[in-house]
Amino acid sequence: MFDDTGLLRPQEEQAYRLLLRLSAARPADLAGLADVPLDEAAGLLEGLRSKGLAMAHPGPDPAFEPLPPDVALGNTLLRRQESLETARQAVAALTEEYRASARRRNADQLVEVVVGAAALRDRLRDLQDSAREEILWFCRANPLAMSGSENAEESGALARGVRYRAIYERALLETPGELESIAESVRGGEEARTLPTLPVRIAIADRSTAICPLVPDDERDVGEPTAALIRRSELLDALLALFESHWDRATPIRWDADHGGLSDAAADGALDDGERFLLSLFVAGFPDKSIASQLGVSRRTVQRRLERLMAVAAVDTRTGLAFQAARRGWL
């Protein structure tokens, strides 16, 4: 045990073990038991004493008694541990400098090009499977490689505590079946918001790796879809800033399993989940007809519910309702 740490030489470790067996020993005792010369035995015992592992009784032929090793060697071990930690940090810093230098020298260290829908799907799945903290999405209409219903990896990531923040284009929410898929994700813990349009598609994992398509939508039918896998860099920082700026402006999407109508609590200024869902679609800019389709009710029912919400908010215009929804934190 001591040999690996370098705290004791093998001969000193053997001498200490023999001293433990004898409880107390003079140099001659140790010399006979260890089969070493007398002067060597005396040197070993003196070495143990100098390291705090033995004490010597006074006299011309002193006897040595063992002392506890944790007291004698604990501080030494602690200093070694601190030294190793300092060395580890230095190696980590040098490694990061090397990687940064490599990224500057070689573009393929910074950006990797992914070609083909199948390869892009695999990378999106790997991105989510390896995520530990957070996934950020820009979800535009007409997905390139994977629709929401095909994204089986999200539920597993949510279950292990990964935070999902997704911004959906309004046109995507109006696509048949997409809103139900989004609703399932929201019930699982996803934070969803919507905007009329998004500038680009993005998936970012743990603020360290992003996937961003390279081919504009108007050219997507020409050849295979192509995307860039972007690692830590100024480019990734710009994409993160782009996401956060849009997140701040986006309208939250609330969901209720049965799209319930106004509850009695609305009279007291409190909204239930069904009302919040209706209100989130309204604030997001959905027309009454689309809201009615999503709620499974008539257009007139949507208008009546909005009128009741306006009454709760004490306003007489829809613009005023949107303002009060934001002011009162209903969404």
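A few points on the structure. Since the model is a prediction, treat every value here as computed from it, not as a measurement. (Residues numbered from 1 in each chain as written. Predicted model: local features only at pLDDT ≥ 70, side-chain atom pairs only at ≥ 80, totals over all residues. Heavy atoms only, no water.)

## Section: the overall build of the protein chain
Short version of the rule: Secondary structure counts use DSSP, requiring at least four H or I residues in a row for a helix and at least two E residues in a row for a strand, with both numbered from the N terminus. For every residue, the accessible area obtained with a 1.4 Å probe (protein chains only) is divided by the maximum for its type, and the residue is called buried under 20%, exposed over 50%, and partly exposed between those limits. Contact between two residues is taken to exist if any of their heavy atoms lie within 4.5 Å; hydrogens are not considered. Under the convention used here, a 1.4 Å probe and the Shrake-Rupley method define accessible areas, while residue burial counts only the protein chains that appear.
From N to C terminus, the protein chain includes 14 helices and 10 strands. A burial count over the protein chain gives 42% of its 331 residues as buried. Contacts in the protein chain between residues at least 24 apart in sequence constitute 65% of all its contacts with a sequence separation of at least 6. Summed over all atoms, the accessible surface of the protein chain reaches about 18000 Å², with 51% contributed by carbon and sulfur.

## Here's the deal with the packing of aromatic side chains
What counts here: Pairs were defined over the aromatic rings of Phe, Tyr and Trp, the Trp ring being its six-membered one, requiring ring centres within 6.5 Å. Orientation was assigned from the angle between planes: stacked under 30 degrees, edge-to-face over 60, tilted for the rest.
Under the definition given, this model contains two aromatic pairs. Each ring, one from Phe138 and one from Phe243, has its centre 5.5 Å from the other, and the planes form 35 degrees; the classification is tilted. A residue pair is termed long-range when its members are at least 10 positions apart, and Phe138 in strand β4 (residues 134-139) and Phe243 in helix α10 (residues 234-249) qualify at 105 residues. According to the relative accessible area criterion, Phe138 is buried, its value standing at 2%. An angle of 20 degrees between the planes, with centres 5.8 Å apart, marks the rings of Phe243 and Trp247 as stacked. A residue pair is termed a helical-turn pair when its members lie 3 or 4 positions apart in one helix, as Phe243 and Trp247 do in helix α10 at four residues. Phe243 gets classed as buried once you look at its relative accessible area, which sits at 0%.

## Some thoughts on the pattern of salt bridges
What counts here: Salt bridge, as applied in this entry: a Lys or Arg side-chain nitrogen positioned within 4 Å of an Asp or Glu carboxyl oxygen.
In total, this model carries 18 salt bridges according to the counting rule given. Among the salt bridges present, the one from Glu12 reaches Arg9, with a minimum N-O distance of 3.4 Å. Judged by relative accessible area, Glu12 falls into the buried class, the value being 5%. Arg163 serves as the salt-bridge partner of Glu134, at 3.6 Å between the closest nitrogen and oxygen. A residue pair is termed long-range when its members are at least 10 positions apart, and Glu134 in strand β4 and Arg163 in strand β5 (residues 163-169) qualify at 29 residues. Judged by its relative accessible area of 10%, Glu134 falls in the buried class. One connected set of salt bridges, linked through shared partners, spans Glu134, Arg163, Arg165, Glu191, Arg207 and Glu244.

## Description of the nonpolar core
One broad rule of soluble globular proteins: the nonpolar side chains tend to lie buried together. Convention followed: Think of a nonpolar core as a cluster: buried Ala, Val, Leu, Ile, Met, Phe, Trp, Tyr and Cys residues, connected wherever their side-chain atoms sit within 4.5 Å.
Ranked by size, the top nonpolar core spans 48 residues in total, and within it Trp137, Tyr168, Leu279, Ile291 and Leu321 carry the most contacts. With near-sequence residues (within four places) excluded, Ile291 lies in contact with Leu278, Leu281, Phe282, Phe286 and Val302.

## A look at the pairing of strand β6 (residues 191-195)
As a reminder of what qualifies: Paired strands are those between which DSSP finds at least two bridges.
As defined by bridge partners, β5 adjoins β6 across five bridges and the pair is classed as parallel. Opposite Ile167, over in β6, you have Arg193 as the bridge partner. By the bridge criterion, two bridges tie β6 to strand β10 (residues 251-252) in an arrangement that is antiparallel. Each bridged residue has a counterpart across the sheet, and for Arg193 the counterpart in β10 is Pro252.

## Points about the environment of Ala203
On the secondary structure map, Ala203 appears in strand β7 (residues 202-205). Separated by 36 residues in sequence, Ala203 and Leu239 have C-alpha atoms that sit 9.7 Å apart. When near neighbours in sequence (up to four residues on either side) are disregarded, Ala203 contacts Leu124, Leu127, Leu136, Trp137, Thr209, Ala210 and Ile211.

## Topic: the sheet that holds β5
As a reminder, the rule being used: Here, axes are lines fitted to C-alpha atoms. For helices the fit covers the stretch in contact, and angles between N-to-C directions go from 0 to 180 degrees.
Spatially, eight strands are ordered β3-β9-β8-β7-β4-β5-β6-β10 in an open sheet, and the strand pairing comes out mixed. The outermost strands of the open sheet, each flanked by one partner alone, are β3 (111-115) and β10. With six bridges connecting them, β4 and β5 associate as parallel partners. Each bridged residue has a counterpart across the sheet, and for Phe138 the counterpart in β5 is Ile167. Sitting on the sheet, α10 is in contact with β3, β4, β5, β6, β7, β8 (209-213), β9 (226-231) and β10, with an inclination near 70 degrees to β5.

## Re the packing of helix α12 (residues 288-295) against helix α13 (residues 299-313)
Using the following cut-off: Between 65 and 115 degrees an angle is taken as roughly perpendicular, under 35 as roughly parallel, over 145 as roughly antiparallel, and anywhere else as oblique. Note on residue classes: Ala, Val, Leu, Ile, Met, Phe, Trp, Tyr, Cys and Pro are nonpolar, Asp, Glu, Lys and Arg are charged, and everything else, Gly too, is polar.
At a closest axis distance of 8 Å, the pairing of α12 and α13 adopts a crossing angle of 100 degrees. The pairing of α12 with α13 is recorded here as roughly perpendicular in orientation. Only Arg299, Val302, Gln303, Arg305 and Leu306 of α13 make contact with α12, whose side of the interface consists of Asp288, Lys289, Ile291, Ala292 and Leu295. Broken down by class, the residue content of the contact of α12 with α13 amounts to five nonpolar, one polar and four charged.

## A word on empty space enclosed by the protein
Under the convention used in this document: A cavity here means a set of points on a 1 Å grid, drawn over the protein atoms and nothing else, where a 1.4 Å probe fits but cannot get out; a pocket is an open set with protein on both sides within 12 Å along at least five of seven lines, and a residue lines either one if it has an atom within 4 Å of a point. Grid points are joined across faces, edges and corners, and a volume is the space filled by probe spheres set on the points.
In this structure the tally under the stated criterion is three cavities of 30 Å³ or more. Put simply, the largest cavity is a space of about 400 Å³. Lining the largest cavity are 26 residues, with Trp137, Phe138, Cys139, Pro143 and Met146 sitting closest to its centre. At the level of secondary structure, the elements contributing two or more residues to the lining of the largest cavity comprise α6 (117-130), β4, α9 (178-188), β7 and β8. Partitioned by chemical class, the residues of the lining of the largest cavity number 16 nonpolar, five polar and five charged.

Limitation: the analysis is restricted to geometry and does not speak to function.
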